[in-house]
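# Examining the three-dimensional arrangement
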Amino acid sequence: MTRPLLRVDRERCIGAGMCALTAPEVFDQDPGDGLVLLLRADPPAVHQAAARMAAGVCPARAIAVREE
Ligand code: SF4
């Protein structure tokens, strides 16, 4: 099994919040500017499916997933 390693691009993020709704243990939104905050770049197994899903629903394609 591979595990997803995450990166976020705050330059691309538009603050839509889908990631934080989909995987709240992995992503949050900055209370100041609303942009994505990555809480866990290497999420534990229990949060990996949600993290992948969050990358898929991001409308700005601001979340990169590398499978290792
Ligand atoms: S879903 Fe994408 S655009 Fe929306 S806050 Fe998360 S990273 Fe930013």
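The structure we're discussing is the one just above.
Residues numbered from 1 in each chain as written. Predicted model: local features only at pLDDT ≥ 70, side-chain atom pairs only at ≥ 80, totals over all residues. Heavy atoms only, no water.

### Brief notes about the nonpolar core
If you look at soluble globular proteins, the nonpolar side chains tend to sit buried side by side. Counting 15 residues, the largest nonpolar core has Cys19, Val26, Phe27 and Ile63 as the members making the most contacts within it. The element that contributes the greatest number of residues to this core is helix H2 (residues 45–57), accounting for 3 residues. Every residue in contact with valine 26, bar those within four places of it in the chain, is listed here: Leu6, Leu37, Leu38, Leu39, Arg40, Pro43, His47 and Ala51. (Core = buried A, V, L, I, M, F, W, Y, C linked by side-chain atoms within 4.5 Å. Buried < 20%, exposed > 50% of the residue type's maximum accessible area, 1.4 Å probe, protein only. Helix = DSSP H or I, 4+ residues; strand = E, 2+ residues; numbered from the N terminus. Contact = heavy atoms within 4.5 Å.)

### Considering H2
Looking at H2, one finds that the buried residues are His47, Gln48, Ala51, Ala54 and Ala55. On an axial view of H2, the arc spanned by its buried residues comes to 130°, and they lie on one face. In H2, the exposed positions that point more than 90 degrees away from the buried face belong to Val46, Ala49 and Met53. Those residues of H2 that are buried are in contact with strand E1 (4–8), helix H1 (18–22), strand E2 (27–29) and strand E4 (63–67). (Arc of directions from axis to C-beta.)

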